[in-house]
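Summary of the model geometry
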Amino acid sequence: MAAPALQTISDRLRSEYSELLPEIIRVRDRLETEVRYHLLPVVERLSHYERVLVSARVKDCESAVDRLRRHAESGTFDEESPERYSLLNLRDLAGARVLVFPQSRLPEVHEALRARFHDWTSDPFPPRTTSGFPAYKYFGHCPAASTTVMGEVQIVPMAIGLFWELEHDALYKPSPELKGIEKDPEMQDRTTLVLDALRGFEDRFEQLVLLSSASRTKRSE
Amino acid sequence: MTTAVATKKALLDNGGYVYDFIHMLYFNRDTKKAFSVEFVEDNPPEVLERSLREPSNTQRWEFYVRNPLSESVRRKVEAALG
């Protein structure tokens with residue numbers, strides 16, 4: 001019988017993904033439940049126009065493999081050193097994202113979650129990706145679900161989060177290899193313009209809400 | 001875009017370098033030089049300019065990278081760049 005063909009690093013990582021998937025799902029479920037539970041006191045105090053939305057996801061196989069490929073300079077796996085690559089090095093195989101509107105609610109959401117995830121590692125977003133909006137990211141383990149698969153919690157203003165979803169779902173999810181486009185300086189410029197516009201929108205929205213609420217309070221006195 | 005980034009972008013554009021988003025490299029087939037995104041980000045425009053001016057060996061690709069590429073990676077990238 002012929003010897004089996006040698007697996008490429010991508011194939012080996014896909015196989016690792018299949019083995020890890022049940023554990024990744026457990027981490028996702030655990031993260032989502034804990035995040036929702038710890039945010040209950042905040043959510044119950046929201047005004048009718050305010051939002052705190054929690055979503056959780058499992059990184060899909062091709063995105064995970066491509067993420068490791070892009071870790072390497074020149075975006076190429078070194079097929080002669082397969083031991084250098086494992087999906088367990090990724091910090092976001094499972095993740096929970098909290099979208100907050102307006103951004104003035106963000107510090108209290110952050111405080112509620114930081115208390116639970118105090119032993120996780122902070123991994124700030126690069127400033128250019130948030131354009132002055134407050135945003136937080138942590139990674140670590142949920143030992144009750146897995147001691148090897150890491151999870152990530154993101155707390156971001158809703159405006160940015162929804163823009164990221166547009167970018168990710170429409171552009172990068174179907175073709176993860178396109179992710180390198182993000183590194184193009186002109187693309188980064190255009191992204192900054194979008195984020196600045198979103199921040200301007202949200203700043204003005206909050207100003208108007210505050211003005212209107214102050215004026216109502218004055219009238220009722 | 002900051003001034004430094006704009007300067008580096010202009011240097012690469014003027015030198016006929018194209019961005020390959022799969023390998024995250026700026027490359028030029030005529031000069032057979034390629035610059036990784038990391039190299040471009042890490043170094044000031046003066047270093048990039050000097051590297052662009054260096055005489056090129058048009059027989060073999062020259063990679064300007066943060067960490068040297070292993071032989072197998074170099075072969076794969078060279079094959080992809082053509």
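Nothing here was measured: the structure is a model prediction, and the numbers come from that model. (Residues numbered from 1 in each chain as written. Chains lettered and ligands numbered in written order. Predicted model: local features only at pLDDT ≥ 70, side-chain atom pairs only at ≥ 80, totals over all residues.)

1. Considerations on the overall build of chain A
Across its full length, chain A holds 6 helices and 5 strands. The dimensions of chain A, computed from C-alpha atoms along their principal axes, are 90 × 45 × 25 Å. For chain A, with 221 residues in total, the buried portion stands at 29%. Taking as baseline every contact in chain A between residues at least 6 positions apart, the subset at least 24 positions apart corresponds to 74%. (Helix = DSSP H or I, 4+ residues; strand = E, 2+ residues; numbered from the N terminus. Buried ≥ 20, exposed ≤ 12 C-beta atoms within 10 Å, placed from the backbone. Contact = placed C-beta atoms within 7 Å.)

2. Brief notes about helix α2 (residues 61-71) of chain A
Among all positions in α2(A), only A:Ala64, A:Val65, A:Asp66, A:Arg69 and A:Arg70 are buried. Buried-residue contacts for α2(A) involve α1 (9-43) of chain A.

3. Looking at the confidence of the model for chain B
Overall, the predicted model of chain B reaches an average pLDDT of 91, with 99% of residues at or above 70. Both scores are given for the predicted complex: the pTM is 0.84, the ipTM 0.75. (pLDDT = per-residue confidence, 0-100.)

4. Observations concerning the interface of chain A and chain B
Each partner contributes residues to the interface: chain A has 16 residues there, and chain B has 21 residues. For the side of chain A that touches chain B, the residue count by class is 3 nonpolar, 4 polar and 9 charged. (Nonpolar A, V, L, I, M, F, W, Y, C, P; charged D, E, K, R; others polar.)

5. Looking at the sheet that holds strand β2 (residues 25-28) of chain B
All names here are of chain B. The 4 strands are arranged β1-β2-β3-β4 in an open sheet whose pairing can be described as mixed. Since the sheet does not close on itself, it has two edges, and those belong to β1 (18-20) and β4 (62-64), each with one partner. Pairwise comparison of adjacent strand axes, ignoring direction, gives a mean angle of 25° for this sheet. Where β2 lies against strand β3 (residues 33-36), 4 bridges are found, and the strand directions are antiparallel. Residue pairing across strands places Tyr26 opposite Phe35, the latter belonging to β3. (Pairing = 2+ DSSP bridges. Axes fitted to C-alpha atoms, helices over the stretch in contact; angles between N-to-C directions.)

6. Brief notes about the nonpolar core
All names here are of chain A. Leu31, Leu93, Val98, Val100, Val109, Val153 and Ile155 are the most contacted members of the largest nonpolar core, which totals 42 residues. Residue assignment for this core shows that the elements contributing at least two residues are α1, β1 (51-58), α2, β2 (94-101), α3 (106-116), β4 (136-142), β5 (146-157) and α5 (158-172). Tallying contributions element by element places α1 first for this core, with 7 residues. For Val109, the residues in contact, after removing those within four places along its chain, are Leu39, Val42, Val52, Val98, Val100 and Ile155. (Core = buried A, V, L, I, M, F, W, Y, C linked by C-beta atoms within 7 Å.)

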